[in-house]
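Here's the letter readout for the chains.
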Amino acid sequence: MPHPNPLPYEDALVLLDADHKLVKKMFIQYAGLVEDDGPPAARRQLALKICQDITVHAQVEEEIFYPAVREALGDEGLIDHAEEEHAQAREKIAQIQGMSTGGKRMDDAVKELAKMIDEHVLEEREKVFLQAQYADLDLRGMVPALVARKKALQAQGGEMKEPTKKATTKKKEAA
């Protein structure tokens with residue numbers, strides 16, 4: 001008998017990696033638009049969508065996933081590094097969002113962001129996700145909170161708060 005309310009994802013890692021794959025697909029679409037000399041307005045619209053999706057993903061990780069992994073592993077450096085990479089991506093995203101038109105400058109900035117995200121995702125999969133998989137974490141139980149927070153942020157338009165290392169530290173101190 002099937003579960004009456006199945007989870008949309010097997011576990012937190014599958015959900016977060018689905019985000020990674022979606023953003024990668026959008027970066028490929030963007031590169032195609034650049035290669036085909038697509039309209040600047042279409043490139044800008046896709047760039048802003050990429051920025052929004054990365055912003056939402058990063059915030060969900062920083063608010064829910066990273067604190068749980070930090071606590072389970074007791075490895076400050078691993079999560080601190082991931083949060084630093086998020087901060088760098090946020091800077092590049094702010095730069096892209098501040099551009100009024102899609103053009104060569106935006107194309108270069110999106111290409112730089114794509115490279116940053118590719119490197120971050122590779123490290124995250126090989127280090128954070130791998131260690132989280134073997135840690136004492138309820139990755140399946142995390143899914144409803146991740147999905148709910150992601151939906152709430154998407155409804156807000158993906159406006160990201162300041163870096164959440166402070167929030168993560170405050171949560172840790174409160175525990």
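Preceding block: the structure.
Residues numbered from 1 in each chain as written. Predicted model: local features only at pLDDT ≥ 70, side-chain atom pairs only at ≥ 80, totals over all residues. Heavy atoms only, no water.

### Things to note about the environment of Leu-78
(1) Moving on: By secondary structure assignment, the location of Leu-78 is in helix 3 (residues 76-97).
(2) Moving on: As for Leu-78 and Tyr-66, which are separated by 12 residues in sequence, their C-alpha atoms are 9.6 Å apart.
(3) Moving on: If we ignore the near neighbours within four places in the chain, the residues touching Leu-78 are Leu-73, Lys-127, Val-128 and Gln-131. (Helix = DSSP H or I, 4+ residues; strand = E, 2+ residues; numbered from the N terminus. Contact = heavy atoms within 4.5 Å.)

### Quick notes on the pattern of salt bridges
(1) Moving on: Under the counting rule described, the total for this entry stands at 14 salt bridges.
(2) Moving on: Salt-bridge contacts for Glu-83 lead to Arg-70; the nearest nitrogen and oxygen are separated by 3.0 Å. A residue pair is termed long-range when its members are at least 10 positions apart, and Glu-83 in helix 3 and Arg-70 in helix 2 (residues 40-73) qualify at 13 residues.
(3) Moving on: According to the relative accessible area criterion, Glu-83 is buried, its value standing at 4%.
(4) Moving on: With relative accessibility at 4%, the residue Arg-70 sits in the buried group.
(5) Moving on: Between Lys-115 and Glu-119 there is a salt bridge, with its nearest N and O atoms 2.7 Å apart. Taken as a pair, Lys-115 and Glu-119 lie in helix 4 (residues 104-134) at a separation of 4 residues, close to a single helical turn.
(6) Moving on: With relative accessibility at 53%, the residue Lys-115 sits in the exposed group.
(7) Moving on: For Glu-119, a relative accessible area of 42% gives the class partly exposed.
(8) Moving on: Salt bridges sharing partners connect three or more residues here, namely Arg-70, Glu-76, Asp-80 and Glu-83. (Salt bridge = Lys/Arg side-chain N within 4 Å of Asp/Glu carboxyl O. Buried < 20%, exposed > 50% of the residue type's maximum accessible area, 1.4 Å probe, protein only.)

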